[in-house]
Amino acid sequence: MIIVGELINASRKSVAAAIENQDPAVIQKIAADQAEAGAHYVDVNAGVFVGREADYLKWLVTTVQAAVDVPCSIDSPDPKAIEAALSVHRGTAMINSISLEKERYDAILPIVAGADLKVVALCMSDEGMPKTVDDRMAIADKLVNGLLRNNVALENIYVDPLVQPVATRDDFGIEFLKAIEKIMTTYEGIHTLCGLSNISFGLPERKFLNQTFMTMAIAKGLDGAIVNPLDSKMMASIIAAEALMGKDEFCMNYLTAFRAKKFEF
Amino acid sequence: MSIIDQIRDKTAVGDMNTVAELTNQAIADGIAPDDIIQHGLIEAMTIVGDKFKKNEIYVPEMLIAARAMKTALGILKPLMVGQEAKRLAKVVIGTVKGDLHDIGKNLVSIMMEGAGIEVMDLGVDVAPEKFLEAIKAHQPQFLAMSALLTTTMPNLKTTIDVVAEAGVDQNLKVLIGGAPVTQKFADEIGADGYADNAATAVDAIKALL
């Protein structure tokens, strides 16, 4: 399971302040905590700073990688900001994300084409948000084939089928889950990845729902998640679900996590 | 309990079938459809909005109440041909250009309709010119816009500017909302009101009437 740590996001007030004050200590602590908790990628987002995003994203990548030896997930729709961030990035970065919205597709494709990058392919098009499995597959198909044609390796593609809140339509949970399964079986070797906290919008006990939904998605084949790695219950759920899915040889990760007290909340 | 009060209470808890039965019974009793709407359905949705604001109920409970209300309206509307239902206000609503998020905007529309407000929903990815066209065509008192992305927030301002430049209606009030939007931002771009959820959007309209 690929874990992308979501906490360095400028929509969080403390992070925005640290970015504006160019305070590396705050950012590096969040990066180190997430890596320590199991993040394989550290997401960096400076989207709220219109006009300054490129500079800030570059600074974030440098700052994060000075503290931890993990690649970043570069979270921006702006090709200039992404390129600025990539210019200082060490290792194989993840680009978060391309979608089928024409403007975004045309902007991001040249960056990832033939490059040694991971790319999140978000199931969204100019037609709107997908609701059903078929909506999602129609978008995923165009995205995946477009990326393959442009020399992006299948195993570098992380399809995000787009989670919508179950509070607003009863079948939003199940249609997403079915889409995970269909994507994973249709394109063998591809990955799926998502941030799934949207599922619980409009309902109480959101963390509990998110965690339950995560285990259900893992059961359908989900193998990547943008989460808060410091949410110990969420991380424990992921470890347990992976073992239950036969993705943990001799349950070694599960037992290692147990001995590291990751099941003590 | 009067039948209108029963309609109100059953609508508020989303009991669609009982609401339909009670509505038919009220019609048979000779109660005016507009009374049923004003004192049964709209009052029910006001109760729902208040509870939602206090976190006593959640989004699905708001939606199930709205479904019960729509069921009753479906029965009442054919009986009201030729009569104008009383409307609190008229609103043109949409998600700004470049932004495809519709869930919050739809919830706002539902609660506005529940409050007896006429809603013209232009959908998502609405260009400033499209908003302007709709304002000219429908002459609403309110323009309500949503933006869910930091990258599309500037389009709230662009739309306000385009509408202001066209000088269609000096009294038109503009309401904005969406996850990254704040009261501060609303003030900066010259919006008249801001709401952070579907129930307070209705309050914002009432406050500006």
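A. Representation of the overall build of chain B. Of the regular secondary structure elements, chain B holds 9 helices and 5 strands. Secondary structure elements of chain B occur, N-terminal to C-terminal, as α-α-α-α-β-α-β-α-β-α-β-α-β-α. Here the C-alpha radius of gyration of chain B, 18 Å, is about what a compact globule of 209 residues would show, namely 17 Å. Once the C-alpha set of chain B is aligned to its principal axes, its extents read approximately 55 × 40 × 25 Å. Each of the 209 residues in chain B was classed as buried or not, and the buried ones make up 48%. Of the contacts formed within chain B by residues at least 6 apart in sequence, a portion of 74% connects residues at least 24 apart. Approximately 9600 Å² of chain B is accessible, and the part contributed by carbon and sulfur atoms is 51%.

B. Local environment of the pattern of salt bridges. Residues and elements named next belong to chain A. Following the criterion strictly, the structure yields 13 salt bridges over all chains and no others. One salt bridge connects Lys102 with Asp106, and the closest N-O pair in it is separated by 2.5 Å. Of this pair, Lys102 and Asp106 both sit in helix 5 (residues 102-112), 4 residues apart, roughly one helical turn. The exposure class of Lys102 is exposed, given its relative accessible area of 53%.

C. Representation of the side chain of Asp34 of chain B. Its place among the elements puts Asp34 of chain B in helix 3 (residues 33-53). Using a relative accessible area of 14% as the deciding quantity, one classes Asp34 of chain B as buried.

D. Quick look at the layout of surface pockets. Residues and elements named next belong to chain B. Its boundaries defined by the atoms lining it, the second largest pocket holds a volume of some 410 Å³. For the lining of the second largest pocket, the elements supplying multiple residues, two or more each, are helix 4 (59-76) and helix 5 (103-114). It is helix 4 that provides the largest number of residues to the lining of the second largest pocket, a total of 6 residues. Of the residues assigned to the lining of the second largest pocket, the class counts are 11 nonpolar, 3 polar and 6 charged.

E. Representation of the domain arrangement of chain A in the model. All names here are of chain A. Each domain of chain A was delimited in the assignment, giving domain 1 (1-91) and domain 2 (96-230). Here domain 1 and domain 2 have C-alpha centroids that lie 21 Å from each other. Listed as interface residues are 22 residues of domain 1 and, on the opposing side, 21 residues of domain 2. Across the domain 1/domain 2 interface, buried area totals approximately 1700 Å², and carbon plus sulfur atoms make up 67% of it. Taken together, domain 1 and domain 2 are joined by 0 salt bridges. At the boundary of domain 1 and domain 2, one finds 9 residue pairs in polar contact (both at pLDDT 80 or more). Of all the secondary-structure elements, those providing two or more residues to the side of domain 1 that touches domain 2 are strand 1 (2-9), helix 2 (24-36), strand 2 (41-45), strand 3 (72-75) and helix 4 (79-88). With 6 residues, strand 1 is the largest single contributor of residues to the side of domain 1 that touches domain 2.

F. Highlighting a nonpolar patch on the surface. On the surface, Phe250, Met252, Tyr254, Leu255 and Phe258 of chain A cluster together into a nonpolar patch covering about 530 Å² of accessible area. Residue Phe250 of chain A is classed as exposed on the basis of its relative accessible area of 68%.

G. Here's a closer look at unusual backbone geometry. Residue and element names in this part refer to chain A. Between Asn96 and the following residue, Ser97, the backbone shows a cis peptide bond with an omega angle of 15°. Non-glycine residue Gln22 carries a positive phi angle of around 50°. With respect to the secondary-structure elements, Gln22 resides in the loop between helix 1 (13-20) and helix 2. With relative accessibility at 35%, the residue Gln22 sits in the partly exposed group. Of note, the phi angle at Lys261 is positive, near 65°, even though the residue is not glycine. With respect to the secondary-structure elements, Lys261 resides in the segment after helix 10 (252-259).

Cut-off values and rules
Each residue is numbered by its place in its chain's sequence as written, counting from 1. Chains carry letters and ligands carry numbers; both start at the beginning, A for chains and 1 for ligands, and go up in the order they are written. Under the rules for a predicted model, residues below a pLDDT of 70 receive no local features and side-chain atom pairs below 80 are neither given nor counted, while totals for whole chains, interfaces and linings still include all residues. Hydrogen atoms and water are omitted, and side-chain values are computed over all heavy atoms in the structure. Secondary structure elements follow DSSP: runs of H or I of four or more residues count as helices, runs of E of two or more count as strands, with numbering from the N terminus. Our radius of gyration is a C-alpha quantity, and the globule rule it is checked against amounts to 2.2 Å times the number of residues to the power 0.38. Only protein chains enter the accessibility calculation, which uses a 1.4 Å probe; a residue whose area is less than 20% of its type maximum is buried, one above 50% is exposed, and one in between is partly exposed. Whether two residues touch is decided by their heavy atoms; if any such pair falls within 4.5 Å, the residues are in contact. Every accessible area reported is derived by Shrake-Rupley at a probe size of 1.4 Å, with residue values counting cover from the shown protein chains alone. Salt bridges, as used here, are contacts in which a Lys or Arg side-chain nitrogen is within 4 Å of a carboxyl oxygen on Asp or Glu. Lining residues are those with an atom within 4 Å of a point, where the points come from a 1 Å grid over the protein atoms alone and group into cavities, where a 1.4 Å probe fits but cannot get out, or pockets, open sets with protein on both sides within 12 Å along at least five of seven lines. Grid points are joined across faces, edges and corners, and a volume is the space filled by probe spheres set on the points. Three categories are distinguished: nonpolar for Ala, Val, Leu, Ile, Met, Phe, Trp, Tyr, Cys and Pro, charged for Asp, Glu, Lys and Arg, and polar for the others, with Gly belonging to the last. Boundaries of every domain are those given by an automatic assignment or by a domain database. Take the accessible area each of two parts loses on contact, using a 1.4 Å probe, and add the two losses: that sum is the buried area. Identification of polar contacts relies on pairs of N or O atoms within 3.5 Å, with a donor-acceptor requirement for protein atoms, meaning one able to donate a hydrogen and the other able to accept it, and with residues adjacent in sequence counted only if both atoms are side-chain atoms. Without a salt bridge and with relative accessible area above 30%, a residue can belong to a patch; like charges are then joined within 9 Å and nonpolar side chains (Val, Leu, Ile, Met, Phe, Trp, Tyr) within 5 Å.

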